[in-house]
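# Architecture at a glance
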Amino acid sequence: MSIEGKVALVTGAGQGIGRAIALRLAKDGADIAIVDLNEDKMRAVAQEVEALGRKATTFKADVSDQKQVYAAIEHTEKELGGFDIMVNNAGIAQVQAIADVTPEEFDKIQKINVAGTLWGIQAAAKKFIERKQKGKIINASSIAGHNGFALLGVYSATKFAVRALTQAAAQEYAGDGITVNAYCPGVVGTDMWVEIDKRFAEITGAEEGETYKKYVDGIALGRAQTPEDVANFVSYLAGPDSDYMTGQAPLIDGGIVYR
Ligand SMILES: NC(=O)c1ccc[n+]([C@@H]2O[C@H](COP(=O)([O-])OP(=O)(O)OC[C@H]3O[C@@H](n4cnc5c(N)ncnc54)[C@H](O)[C@@H]3O)[C@@H](O)[C@H]2O)c1
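Residues numbered from 1 in each chain as written. Predicted model: local features only at pLDDT ≥ 70, side-chain atom pairs only at ≥ 80, totals over all residues. Heavy atoms only, no water.

### Here's the deal with the overall build of the chain
Along its length, the chain carries eight helices and seven strands. At 17 Å, the chain has a C-alpha radius of gyration in line with the 18 Å of a compact globule built from 259 residues. For the chain, the C-alpha atoms occupy an extent of roughly 55 × 35 × 35 Å along the three principal directions. Of all 259 residues assigned to the chain, the portion counted as buried reaches 54%. With the model as given, the accessible surface of the chain reaches about 11800 Å², and the carbon-plus-sulfur share is 52%. (Helix = DSSP H or I, 4+ residues; strand = E, 2+ residues; numbered from the N terminus. Rg over C-alpha atoms; globule rule 2.2 N^0.38 Å. Buried < 20%, exposed > 50% of the residue type's maximum accessible area, 1.4 Å probe, protein only. Areas by Shrake-Rupley, 256 points an atom, 1.4 Å probe, with all protein chains shown as cover.)

This is the structure in structure tokens:
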């Protein structure tokens, strides 16, 4: 167990990719702080973590609020007795033509996906430095962080920004023994894609399910990605095998975008 006894905080861990990451890091031996907006879902994931024999704690926080992110880390340290791994996973999607994006839509997604990741990096690094220890920070980017996709322009912009923050933070914190990397999934069958598919249907007139199928049909490995496919890679980023890696945002997408 590569991260036995470590403490990991995962944002957006109430469902989907974040839940799978929380469970995988628990299987790897870490105690887990589950941070999300949805208390019922957080409690359910906490029970799953505990069933794996690890400690879990939950904390309701909106990652777009800097103070709440700092509070989540304080809570984690107090409840779990340490803090070693920060996974800035929480994020939202937005399907909108460039022509129709409103200032309100733009601000909302920037605050959650970009500022939420920024506060997570900042607060985690501050805590690692205060504790005089090494730490790992892992951020959620996307294939949309490597490639702009039609009707996902602003979402793509936020995920490019996550890569930029990852690269800058990796350089700023390398001297403190902190590594900063990101993961870039492809088309993962979560609630996020249910919403994306619905919005595509509204905007383009496609049948419901058609856009998801079109994207999945384009995957070289021939199937949609599971949250566990993503969590397997995050396990590597959280563990000692990735100690010499920083500032990177590798694609793990079954073969959609090639870099
Ligand atoms: N699903 C995909 O195909 C895919 C692909 C690439 C990248 N991603 C990224 O992976 C991450 C997780 O995606 P998912 O598919 O599991 O999404 P999801 O919508 O299924 O789950 C997201 C979770 O984040 C929480 N959340 C949303 N806003 C929050 C906020 N402001 N503060 C705290 N928690 C908040 C939600 O309550 C939810 O539990 C996101 O950053 C997403 O952009 C997803």
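On we go from here.
### What to know about the packing of helix α1 (residues 16–27) against helix α2 (residues 39–51)
Between α1 and α2, the shortest axis-to-axis distance is 9 Å and the interhelical angle comes to 20 degrees. In this view, α1 runs roughly parallel relative to α2, as classed from their interaxial angle. The chirality of how α1 crosses α2 is right-handed. The residues of α2 that touch α1, namely those facing R19, A22, L23 and A26, are V45, E48 and V49. Along the lines of polarity and charge, the residues of the contact of α1 with α2 split into five nonpolar, no polar and two charged. (Axes fitted to C-alpha atoms, helices over the stretch in contact; angles between N-to-C directions. Parallel < 35°, antiparallel > 145°, perpendicular 65-115°, else oblique. Left-handed = near helix turned anticlockwise from the far one by under 90°. Contact = heavy atoms within 4.5 Å. Nonpolar A, V, L, I, M, F, W, Y, C, P; charged D, E, K, R; others polar.)

### So, the pairing of strand β2 (residues 31–36)
Among the six residues in β2, six count as buried, and that is most of the element. Going residue by residue along β2, you find D31, A33 and V35 tucked away on one face and I32, I34 and D36 tucked away on the opposite face as well. Taking the sense of rotation as the criterion, the β-α-β connection linking strand β1 (residues 7–11), α1 and β2 turns out right-handed. Sheet analysis places β2 next to strand β3 (residues 56–60), joined by five bridges and oriented parallel. Within the sheet, the bridge partner assigned to D36 lies in β3 and is K60. (Right-handed = clockwise from strand over helix to strand, strands pointing away. Pairing = 2+ DSSP bridges.)

### What about the layout of surface pockets?
In this structure, the largest pocket encloses a volume near 1100 Å³. Lining the largest pocket are 46 residues, and of these A90, G91, I92, A93 and M192 lie nearest its centre. Broken down by secondary-structure element, the contributors of at least two residues to the lining of the largest pocket are α1, β2, α4 (103–130), α5 (153–173), β6 (178–185) and α6 (191–204). It is α6 that contributes the most residues to the lining of the largest pocket, six residues altogether. Counted as a void, the second largest pocket has a volume near 340 Å³. For the lining of the second largest pocket, the elements supplying multiple residues, two or more each, are β5 (135–140) and β6. For the lining of the second largest pocket, the residue count by class is eight nonpolar, seven polar and five charged. (1 Å grid on protein atoms, 1.4 Å probe; cavity = no way out; pocket = protein on both sides within 12 Å on 5 of 7 lines; lining within 4 Å. Points joined across faces, edges and corners; volume = space filled by probe spheres on them.)

### Concerning the pairing of β1
Burial analysis of β1 places five of its five residues in the buried class, the great majority of the element. Here β1 shows two buried faces, one formed by V7, L9 and T11 and the other by A8 and V10. Both β1 and β2 contribute to a ladder of five bridges, which runs parallel. By the bridge assignment for β2, A8 is matched with I32. Pairing between β1 and strand β4 (residues 85–88): three bridges, direction parallel.

### Let's talk about the pattern of salt bridges
Applying the stated rule across the entire model yields 15 salt bridges. The shortest N-O distance in the salt bridge between D40 and R43 comes to 2.9 Å. Remark: R43 and D40 occur in helix α2; sequence separation between them is three residues, near one turn of the helix. D217 is the salt-bridge partner of K213, the closest N and O atoms lying 2.7 Å from each other. With K213 and D217 both in helix α7 (residues 210–217) and four residues apart, this pair spans about one turn of that helix. D217 sits in the exposed class, given a relative accessible area of 53%. (Salt bridge = Lys/Arg side-chain N within 4 Å of Asp/Glu carboxyl O.)

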